[in-house]
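# Descriptive structure summary
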Amino acid sequence: LLQFDYFGINEQRCLSEKLFEAQFGLRFGRAGGGAAAGEGAHRVAKLQMEELTEPQRQRIARLNRNDILLYREALRIFRWRLRLYGVPENATCDA
């Protein structure tokens, strides 16, 4: 992951844009919609873990172990890069 110049986190669209802007000196257009523009447009139904039995949760965690580890590492690097480029974690994407 460290070899990638940039990557964003889907659940953190605004912060991903802010990081991109800080890293590359570019600005995203903010045409209408304010902070929520584009939020949720890609959403699909999600599995609710609390609706599963404990054996089902354990099986999902076991089968997706590497994905979970990769995602956690990506979040750690993403947050580090936010700090490195001075992007506050509470930044907003207001117009």
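See the structure above.
### What to know about the overall build of the protein
For the protein, the helix and strand inventory stands at 3 helices and 0 strands. Element order for the protein, N to C, with α for helix and β for strand: α-α-α. In the protein, which comprises 95 residues, the proportion classed as buried is 19%. Counting contacts in the protein only where the partners sit at least 6 residues apart, residues at least 24 apart contribute 65% of the total. Summed over its atoms, the accessible surface of the protein is roughly 7,300 Å², and 54% of this surface lies on carbon and sulfur atoms.

### A short note on the state of the cysteines
Inspection of every chain in the model, using the stated rule, returns 1 disulfide. With its sulfur 2.1 Å from that of its partner, Cys14 forms a disulfide with Cys93. On the sign convention where negative is left-handed, the bridge of Cys14 and Cys93, at about 110° about the S-S bond, is right-handed. Here Cys14 is found in helix H1 (residues 13–24), whereas its partner Cys93 is found in the segment after helix H3 (65–84), with 79 residues between them in sequence. Classification of Cys14 by relative accessible area gives buried; the value is 11%.

### Regarding the side chain of Gln23
If you trace the backbone, Gln23 turns up in helix H1. Residues contacting Gln23, with those up to four places away along its chain left out, are Asp5, Tyr6, Arg81 and Tyr85.

Reading the values: the criteria
- Residues numbered from 1 in each chain as written.
- Predicted model: local features only at pLDDT ≥ 70, side-chain atom pairs only at ≥ 80, totals over all residues.
- Heavy atoms only, no water.
- Helix = DSSP H or I, 4+ residues; strand = E, 2+ residues; numbered from the N terminus.
- Buried < 20%, exposed > 50% of the residue type's maximum accessible area, 1.4 Å probe, protein only.
- Contact = heavy atoms within 4.5 Å.
- Areas by Shrake-Rupley, 256 points an atom, 1.4 Å probe, with all protein chains shown as cover.
- Disulfide = S-S within 2.5 Å.

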